[in-house]
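Residue-level structural notes
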Amino acid sequence: MKKLINTADSVVEDALNGLAAAHPSLRVRDQVVYRAEGPRRGKVGLVSGGGSGHEPLHSGFVGHGMLDAACPGEIFTSPVPDPIIEATRGVDGGAGVLHIVKNYTGDVLNFEMAAELVEDIEVATVLVDDDVAVRDSLYTAGRRGTGATVFVEKIAGALAEEGAALAEVAAVAAEVDERSRSFGIALTSCTAPAAGKPTFDLPETEVELGIGIHGEPGRARVPLVSARELAGVAMEAIHGDLPLQGDLLVMVNGMGGTPLIELYVVFAEVAAFVKGKGARISRSLVGNYVTSLDMQGFSVSVCRVDDALTRLWDAPVETPALRWGR
Amino acid sequence: MKKLINTADSVVEDALNGLAAAHPSLRVRDQVVYRAEGPRRGKVGLVSGGGSGHEPLHSGFVGHGMLDAACPGEIFTSPVPDPIIEATRGVDGGAGVLHIVKNYTGDVLNFEMAAELVEDIEVATVLVDDDVAVRDSLYTAGRRGTGATVFVEKIAGALAEEGAALAEVAAVAAEVDERSRSFGIALTSCTAPAAGKPTFDLPETEVELGIGIHGEPGRARVPLVSARELAGVAMEAIHGDLPLQGDLLVMVNGMGGTPLIELYVVFAEVAAFVKGKGARISRSLVGNYVTSLDMQGFSVSVCRVDDALTRLWDAPVETPALRWGR
Amino acid sequence: METDLFLAWFEEAARLVRENRDRLNRLDAAIGDADHGTNLDRGLTEVLKALDDSPAGSPAEVLTTAGTTLIRRVGGASGPLYGSVFRQMGKSLETPVTLAGFATAFEEGVVAVERLGKAALGDKTMVDALAPASRALALAVRDGVGVRKGLDQAARAAVEGAKATIPMQARKGRASYLGERSIGHEDPGAASAALFLEALATVAA
Amino acid sequence: METDLFLAWFEEAARLVRENRDRLNRLDAAIGDADHGTNLDRGLTEVLKALDDSPAGSPAEVLTTAGTTLIRRVGGASGPLYGSVFRQMGKSLETPVTLAGFATAFEEGVVAVERLGKAALGDKTMVDALAPASRALALAVRDGVGVRKGLDQAARAAVEGAKATIPMQARKGRASYLGERSIGHEDPGAASAALFLEALATVAA
Ligand SMILES: Nc1ncnc2c1ncn2[C@@H]1O[C@H](COP(=O)(O)OP(=O)(O)O)[C@@H](O)[C@H]1O
Ligand SMILES: Nc1ncnc2c1ncn2[C@@H]1O[C@H](COP(=O)(O)OP(=O)(O)O)[C@@H](O)[C@H]1O
Ligand SMILES: [Mg+2]
Ligand SMILES: [Mg+2]
Ligand SMILES: [Mg+2]
Ligand SMILES: [Mg+2]
């Protein structure tokens, strides 16, 4: 294992120190990342979190127009209730707090427990479950939350910034999740510092289809084909679940180890696919936003936006990883 | 070789199509990336370029407050004179054009030839040569241009946006280069699509010190040590060449395959080092800005800024890879 | 069953988990995210610390401290799940602790997990090791076998239950994302549950 | 020396470079960025195309077309450098082409590269193959040996010159970044320069 770390156990703590040193707009206390300026009276607070190793998710999205706090757990392990409780209290401006939770058993359980333990603050929860690679049925824990988390945090954050009530913010968050789908493909496994070796072995000539963001194996393993064909697989899976039509917010996301030039090659194919379906990419992101440590690969996330959602997407945002309008 | 590409020969072209599709603010024509809105009358035009494989450099820095055009060559191969000539004509607003050239023989020769061939436009050239890993002497081609290119393009771009004359813009670009130093370390080699295999083999337990951004081997090979020690090596090399003092603009740059969480671990160490020298990090960047395809590793770039340069750094910028203030 | 037995239980469980840490991680790597051993190891180390810092006066206190610590220190799915098993047991357990009393409290602990995780027998989770152990305890009580024998039968039932998860397709937790690909691997949580019961049988022997 | 000989020269050079493409890339990988073979291969393919599209009427035209195409299509350091060699030769060459005339034009081509690249003998560049070849041509002319023999001696001198770069420490181009580590490797540009001269000797033989 080759990593820029001090010790496997201190990665998260060391990285949080770096984050604090790099971004005066953030404050880090007890493994929670807050906006430096603290809560705003009357504004709904947004808290998200989950295992580390997905940077910039979630701490890179803390700031004006997006999250109020992020709770990073150990690598690939959801945070425990205590910091979530701390964060919830820390961001409350009297208008209640929204928990944005990616749909993983661990995240769900720990956020649930935290929510129960802060009786004095009104807490609403939205579960993000956009990954079409997972069949949503009685026979699974339901779909995983992946790329759409960025859409949910940005759009809900914008509405909260405008002073909307908790119920409205929770509603728009749920709406964005419903309108979003994602699919991921891995060229290589990732290596968790604690494990010290790749989570799975992938031959030089094969890829994993339908991977999550924790180095879990995907649903199937197929030969490595061209970017055009791989983008096609991802887009067909999404289109088959939520037909592409109208205006689309599209993110081509790198898994952490894939160079930007390759992501643009993929985006070109995704754009061609969308055009072929008669839909239109009205907004887009290309880069590393929801990663899986050093994994090579990509995921595509699509949200069928309307004018209201587009306006909220365009609203000013000022975070380490997403910034425009100020 | 595992890459998200269609064919090794079409990577640059395919990626440029993706870039154009992803960013309505850009226009791509004949392998040149322009601002969509075209040149502004009376504004000095900024043109940069070089081999591809360093994304987001240079095309990701085209936009308000930074470059007017970028000329991406084949992977790791500087562009030929024709597109540079095209770009120079395309961005000229009557106030002349600044060529920002990283100091590599190929880039220097091709930009030189292009500059000679556009007699009717006033062209000034600034060479970026910030890499302290290379001894600057009669016995080398001089120092390489690496991370400081981002500083030069941002600050010169801001001054040009304010309507300064070509001589002033060229002067501030040269000043930023003089005040900047960089040092890079690789954990792995990169794999160029045409070559199909790693440029050099690096054992599991070793790193290359003083690498460039083209997969060239570095000046020395040493055992892989902690992030703290590696950051120390880079910072000592920089400090030994340009003593750290006063306000510093610091970039911890990923080489393309290194996850953000590790870059933050490195940044924490860099910040501690700077503090130890009694200097102060007044501005910073952490992320992938000047990459070397899928190489794992990092580089640190430092610029000793004064208030004037800081003001220009803070000025509004709106490009795919760097954006604030609008 | 005295307080010391329960303290010894967690010391032995911590030792066994540490010993099996990599195996649990490997099992989790096959159908999850490769951290179950790391998570439990971290959690049980904290449990021993907690029991050291505030010596428990009763078996119930030992279980409550253990459960709370797991919830507060482990994270992931297994933290809250194991945490509620022991917290619920702590709530239900009355001193002096008989095998019958223990069996009842254990059953309530299992029910708590099933409720929290919405998991049932056959979903390929820790429940598939915990539930059979609970039934074994109930039978032992009915047949009036002693504590040692009863815990021993519970441990065997748990181990068998864990092995029985191999052919199952997961319906809960990360493993469920793999669909058919989850078949053919032992569930890491079921495997660690078996370790807990083996630990108890060992210290009671 | 007729126009056809010069056309044949570039066809043979293109073939040889294609054949040695990977070797040149490997040499460049050791002390540069692994693309010299790819760059020249791309460039010479374009040169043949250009010579096809606009048939050259004289040796000088062949060289000018080749030089311009290399500058316009190769990029990197070698594009402009090789390009100016041939462009300069095209400028200087007079028809009919005698060995003496060719030698003079070649020397001027070498001088052009030395000027453009600010490189001198011993800097571990293509100059270390080109300059010896030029001297060999001059001697051949002085000794009045025929075209075939003269070009053959030039090719040998170039090959030796290229080999002689192995122990050198690079002072120009990317290789210079490696300092002492550049010692022990043949310079890719010197190696390709030798291929150009071998190609000419072959077609003249
Ligand atoms: N819904 C659930 N109900 C019961 N047990 C579960 C459930 N989800 C997961 N588990 C158990 O948790 C184990 C995984 O624990 P662990 O790897 O520590 O957490 P995570 O899955 O968050 O990484 C699984 O092997 C399974 O036995
Ligand atoms: N300043 C120079 N003068 C003469 N030849 C040079 C100079 N710099 C580089 N070269 C030649 O160019 C060769 C490298 O060419 P190539 O790899 O195609 O370009 P690049 O270095 O831009 O990748 C070197 O091997 C060397 O022979
Ligand atoms: Mg986990
Ligand atoms: Mg090159
Ligand atoms: Mg796990
Ligand atoms: Mg080269």
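Quick caveat, the model's predicted, so the values are computed rather than measured. (Residues numbered from 1 in each chain as written. Chains lettered and ligands numbered in written order. Predicted model: local features only at pLDDT ≥ 70, side-chain atom pairs only at ≥ 80, totals over all residues. Heavy atoms only, no water.)

Of the consecutive residues Leu57 of chain A and His58 of chain A, the connecting peptide bond is found in the cis state with omega at -5°. Within the element layout of this structure, His58 of chain A appears in the loop between strand 3 (45-52) and strand 4 (69-75). One non-glycine residue, Gln31 of chain B, lies in the positive phi region at around 60°. Tracing the chain through its elements places Gln31 of chain B in the loop between strand 1 (26-29) and strand 2 (32-35). You can call Gln31 of chain B partly exposed: its relative accessible area is 30%. (Helix = DSSP H or I, 4+ residues; strand = E, 2+ residues; numbered from the N terminus. Buried < 20%, exposed > 50% of the residue type's maximum accessible area, 1.4 Å probe, protein only.)

This part takes up the coordination of the magnesium ion (ligand 4). Protein ligation of the magnesium ion (ligand 4) involves Phe76 of chain B (O), Asp33 of chain D (OD) and Asp35 of chain D (OD), the donor distances falling in the range 2.1 to 2.5 Å. The metal-metal distance between the magnesium ion (ligand 4) and the magnesium ion (ligand 6) is 3.5 Å, with Asp33 of chain D serving as a donor to both. (Donors = N, O, S within 2.8 Å, 3.2 Å for Na, K, Ca; no water.)

With that settled, consider the coordination of the magnesium ion (ligand 5). Residues and elements named next belong to chain C. Those protein atoms acting as donors to the magnesium ion (ligand 5) are Asp28 (OD), Asp33 (OD) and Asp35 (OD), and they sit at 2.0 to 2.1 Å. Taken in sequence order, the residues that donate to the magnesium ion (ligand 5) follow the motif D-x4-D-x1-D. Distance-wise, the magnesium ion (ligand 3) is placed 3.5 Å from the magnesium ion (ligand 5), both being coordinated by Asp33. A single burial state applies to Asp28 and to Asp35, both of which are buried.

Bringing the interface of chain A and chain B into the picture now. Across the contact, 59 residues belong to chain A and 59 residues belong to chain B. Note on chain A versus chain B: buried area summed over both sides is about 4,400 Å², and carbon and sulfur give 63% of it. Looking only at chain A, the three residues that lose the most surface to chain B are Lys2, Leu4 and Ile261 of chain A, adding up to 22% of its buried area. Our enumeration of links across chain A and chain B arrives at two salt bridges. (Contact = heavy atoms within 4.5 Å. Buried area = accessible area lost by both parts, 1.4 Å probe. Salt bridge = Lys/Arg side-chain N within 4 Å of Asp/Glu carboxyl O.)

By a simple turn and slide, chain A fits onto chain B: the slide is 0.0 Å along the axis, the RMSD is 0.0 Å, and the turn is 180°. The transformation relating the two chain copies, once decomposed into turn and shift, fits a two-fold axis. The position closest to the rotation axis in chain A is occupied by the C-alpha of Gly257 of chain A, lying 2.0 Å away. Here 100% of the interface residues in chain A have copies in chain B that are interface residues too; the copies meet face to matching face. (Least-squares fit on C-alpha atoms with pLDDT ≥ 70 in both.)

One pass over the structure, following the stated rule, counts 71 salt bridges over all chains. Between Asp68 of chain A and Lys43 of chain A there is a salt bridge whose closest N-O contact spans 2.6 Å. Note that Asp68 of chain A is positioned in the loop between strand 3 and strand 4 and Lys43 of chain A in the loop between strand 2 (32-35) and strand 3, a separation of 25 residues in sequence. With its nearest N and O atoms 3.0 Å apart, the salt bridge here joins Asp33 of chain C to Arg174 of chain C. Within this pair, whereas Asp33 of chain C is found in the loop between helix 1 (3-31) and helix 2 (36-53), its partner Arg174 of chain C is found in the loop between helix 7 (147-163) and helix 8 (188-204), the two being separated by 141 residues in sequence. Among the ionic contacts, a cluster of salt bridges with common partners joins Arg35, Glu37, Arg40, Lys43, Asp68 and Glu161 of chain B.

Below, the discussion takes up the environment of Val252 of chain B. All names here are of chain B. Within the element layout of this structure, Val252 appears in strand 10 (residues 247-254). Considered as a pair, Val252 and Glu178 are 74 residues apart in the sequence and their alpha carbons are 19 Å apart. Ignoring sequence-local partners within four residues, the contact set of Val252 consists of Leu263, Val266, Phe267, Val270, Leu285, Val286, Gly287 and Ser299.

Quick look at the site of ligand 1 now. The local shell around ligand 1 holds 21 residues, among which Asp33, Asp35, Ser78, Gly117 and Asp187 of chain C are the closest. At the site occupied by ligand 1, the surrounding residues belong to chains A and C. Separating an oxygen atom of ligand 1 from a side-chain N or O atom of Asp28 of chain C is a distance of 3.1 Å. In this structure, an oxygen atom belonging to ligand 1 sits 3.0 Å away from a main-chain N or O atom of Met126 of chain C. (Near = heavy atom within 4 Å. Polar contact = N/O pair within 3.5 Å; in protein donor to acceptor, adjacent residues only side chain to side chain.)

Residue and element names in this part refer to chain B. A sheet is described by the order of its strands in space; here six strands give the open sequence 9-8-7-12-10-11, paired in mixed fashion. Of all the strands in the sheet, just strand 9 (220-223) and strand 11 (280-287) have a single pairing partner and so form its edges. Strand after strand, the sheet turns through a mean of 20° between neighbouring axes, direction not considered. With seven bridges joining them, strand 7 (residues 180-186) and strand 12 (residues 297-304) adopt antiparallel strand pairing. Of the residues in strand 12, the one forming a bridge with Ile185 is Phe298. Packing of helix 5 (residues 166-178) onto the sheet brings it into contact with strand 7 and strand 12, and relative to strand 7 it is tilted by some 50°. (Pairing = 2+ DSSP bridges. Axes fitted to C-alpha atoms, helices over the stretch in contact; angles between N-to-C directions.)

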